[in-house]
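What follows is the residue order along each chain.
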Number of protein chains: 2
Amino acid sequence: MKIILDAMGGDNAPDANIKGAVNAINKVKAEVVLVGKEEVIRGKIKEFYGKEIEEISARLKIKNATETIEMEDVPTMAIKHKKDSSMVVGFRMLKEDKGDVFISAGNSGALLTGATLIVGRIKGIDRPALAGILPAYHSQLLLIDAGSNTNCKPINLLQFAQMSSIYLRNTFGIEHPAIGLLNIGTEETKGNDLVRESYQLLKEKSKELDINFVGNVEGRDAFSGKIDAIVTDGFTGNVFLKTTEGLGKFVKISMKESFMKNILSKILAIPSLPAIKRFSKMMDYKSYGGALFLGVKKPVVKAHGSSDELLFEYTIKQAEKFVENKAVDKMIEEFQKEQKQHD
Amino acid sequence: MKIILDAMGGDNAPDANIKGAVNAINKVKAEVVLVGKEEVIRGKIKEFYGKEIEEISARLKIKNATETIEMEDVPTMAIKHKKDSSMVVGFRMLKEDKGDVFISAGNSGALLTGATLIVGRIKGIDRPALAGILPAYHSQLLLIDAGSNTNCKPINLLQFAQMSSIYLRNTFGIEHPAIGLLNIGTEETKGNDLVRESYQLLKEKSKELDINFVGNVEGRDAFSGKIDAIVTDGFTGNVFLKTTEGLGKFVKISMKESFMKNILSKILAIPSLPAIKRFSKMMDYKSYGGALFLGVKKPVVKAHGSSDELLFEYTIKQAEKFVENKAVDKMIEEFQKEQKQHD
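The sections below set out a description of the structure shown in this document. Treat the numbers as computed from the prediction; the structure is a model and nothing was measured.

1. A closer look at the sheet that holds strand β3 (residues 60–64) of chain B
Residues and elements named next belong to chain B.
- Pairing in this open sheet of eleven strands is mixed, and the strands run β3-β2-β1-β4-β11-β10-β5-β6-β9-β7-β8 from one edge to the other. Edge positions in the sheet fall to β3 and β8 (212–217), since each of these pairs with one other strand and no more. Here the strands of the sheet are splayed against their neighbours by 30° on average, with no regard to which way each runs.
- Relative to strand β11 (residues 300–302), strand β4 (residues 101–104) runs parallel, the two sharing three bridges. Bridge pairing links phenylalanine 102 to valine 300 in β11.
- On top of the sheet, helix α1 (residues 15–25) reaches β1 (2–6), β2 (31–36) and β3; it is set at about 170° to β2, its chief contact.
- Together, β1, β2, β4, β10 (291–294) and β11 form the strand contacts of helix α13 (residues 309–325), whose direction differs from that of β4 by roughly 155°.

2. What to know about helix α5 (residues 86–95) of chain B
- Across the ten residues that make up α5 of chain B, a large majority, eight, are buried.
- Among the residues making up α5 of chain B, those that are buried are Ser86, Met87, Val88, Val89, Gly90, Phe91, Met93 and Leu94 of chain B.

3. Some details on empty space enclosed by the protein
- Counted according to the given criterion, the structure contains one cavity of 30 Å³ or more.
- What the largest cavity holds in volume is close to 30 Å³.
- Residues that form the lining of the largest cavity fall into these classes: three nonpolar, four polar and one charged.

4. Some thoughts on the pairing of strand β10 (residues 291–294) of chain A
All names here are of chain A.
- Going residue by residue along β10, you find Ala291 and Phe293 tucked away on one face and Leu292 and Leu294 tucked away on the opposite face as well.
- Bridge analysis of β10 against strand β11 (residues 300–302) gives two bridges, and the strand direction is antiparallel. Following the sheet pairing, leucine 292 is matched in β11 by valine 301.
- Between β10 and the antiparallel strand that follows it, β11, lie five residues; glycine 295 among them carries a positive phi value of about 105°.

5. Some thoughts on the interface of chain A and chain B
- Chain A puts 60 residues into the contact, and the matching count from chain B is 60 residues.
- Taking both sides of the interface into account, the surface hidden between chain A and chain B amounts to around 5,400 Å²; carbon and sulfur atoms contribute 65%.
- On inspection of chain A and its partner chain B, the count reaches four salt bridges.
- Residue arginine 220 of chain B is joined to glutamate 245 of chain A by a salt bridge in which the shortest nitrogen-to-oxygen separation is 3.4 Å.
- Linking chain A with chain B are ten residue pairs in polar contact (both at pLDDT 80 or more), by the criterion used here.
- Sorting the residues of the side of chain A that touches chain B by element identifies β5 (129–136), α8 (193–205), α9 (234–259), α10 (263–269) and α11 (273–283) of chain A as the ones contributing at least two each.
- Ranked by residue count, the leading element in the side of chain A that touches chain B is α9 of chain A, at 21 residues.

Reading the values: the criteria
- Residues numbered from 1 in each chain as written.
- Chains lettered and ligands numbered in written order.
- Predicted model: local features only at pLDDT ≥ 70, side-chain atom pairs only at ≥ 80, totals over all residues.
- Heavy atoms only, no water.
- Pairing = 2+ DSSP bridges.
- Helix = DSSP H or I, 4+ residues; strand = E, 2+ residues; numbered from the N terminus.
- Axes fitted to C-alpha atoms, helices over the stretch in contact; angles between N-to-C directions.
- Contact = heavy atoms within 4.5 Å.
- Buried < 20%, exposed > 50% of the residue type's maximum accessible area, 1.4 Å probe, protein only.
- 1 Å grid on protein atoms, 1.4 Å probe; cavity = no way out; pocket = protein on both sides within 12 Å on 5 of 7 lines; lining within 4 Å.
- Points joined across faces, edges and corners; volume = space filled by probe spheres on them.
- Nonpolar A, V, L, I, M, F, W, Y, C, P; charged D, E, K, R; others polar.
- Buried area = accessible area lost by both parts, 1.4 Å probe.
- Salt bridge = Lys/Arg side-chain N within 4 Å of Asp/Glu carboxyl O.
- Polar contact = N/O pair within 3.5 Å; in protein donor to acceptor, adjacent residues only side chain to side chain.

Note that all results are geometric; they support no functional claim without further evidence.
In structure tokens, the structure reads:
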């Protein structure tokens, strides 16, 4: 197996990307290929470890790419014109079977455009979408679209529901995953135009497409553990994702301050340290790692934009699992089956 | 002062509304008028307290209204046709100066429609919006629109920014409140069409309108305490609000389980109970109470849809403060000043 890592994407690139790859290399079986400016990567490895990359591991490689797609770049333009960017070169390797999965922490819009234009969509899917995993009560919550399609149509949301059903069934072993539509009320009449129309479409098609559609779900019930996936457009989904992250951060700081208010409360907190740690770990939303692009012909993983070296390490290990689980192959199979039924 | 309370709106109506009013009556100086089916209210009070309403307090009153607006009702139709509903009767009392503030936990859309059609907008404001208060790091965060206008235009978001500036300055004493636009990235190019256009409009007009516009803000930074208000459309805002609420609930349960995992951790947690309580209280998003409709000529407060008696009591006390602070009068003054400058 070969994992392709965009060395230049993300807020802490390339340092965190390189260190994450070095940390991960002895914990995965796959090769890891760092895509980016070769001399920069070589220089950084020398600086951080006092060694050549070849001395670190025979499974750690570099693929040279001289350009970088920035957060400010307009996605379509960047993918079309920056032919030698780390992202485009990485996507091309994936397409040409020179790797099994591509990871990037770069511009989400460019990542979606590249995945669609270079790697290609699965037949039957109009818009691939980011599927992120969040913690929920004694379980997890799949959020789709977590941030790639900022303007969506009802048909897109229907396909997001279908893809998440297949993904949860095949990869998480959930027989009839409960799929909800993110809304601001549970009644059919609630929501903006997109959500109201999507509700009707989901209601009409869910039986035929084998989706266990449970109706509108409000954010307040999303973490109850009763919902397996929550479907929404990429703008709302990303707001949802980052709000949970921001609140998680606030919760951790506030808890620390509650317990560390004064010397007495600090001393009194000592016996509870294991419980505090257990809870803090769960609230660390970052550690839930990368999101998979569902609907693309090969595995593309979006790493958190502000990934540090630990999170890159975690995402590389996670990407290896995605490939082992054959999540994407199974998605292609199911859509082929469906197409045949229609022929 | 007279507080008008919709006795029939909300998930737990009329029981929670009535009990909340009875609990609040000895904690406020104002009269509280319960609007709803008189015989039902009288019967409930007899059932709960074994007394007539007159025996509870001379400041607790009933205004009869025979109809109820349901959550499923289409807002405009409900306000136009259910003339004798508790909501319409309440609004009419407010308009006719038979009360100083109107509280309802009912259908948000109907509440916005009623506030606009019956009470009327402040001159210069196209769409009133719900301003909710959330906890943030060592401070609070104003969220506008928290859920009333599900489809918005850039001019609405500009006015939300302006109203929240005035409100925070006059009511919270924040000299130059930092106003952010809720987005999925900090760059100008990020977001859906509405947000990108609103960004440009805010950038262009903020100096003239005395708005301290700090640019795009992601959910992950919303609770940092550096932002005083976050501006968004009512759909996204309500998702934001309910997501924080859902996560807050999940946090409380998860923390409890972390500490109560087994007998040992339970015993070890005892010394930390004050810290746990302090933290739990902060995470109880419900206790942040009602949201004020900014842009309406008189104070209208939206109580939480699933308010229980405690929350109604809290919201009644909060409404008294809104009136005392003259938040709405100050808003009208500032917009009048601005209109004059334009003349």
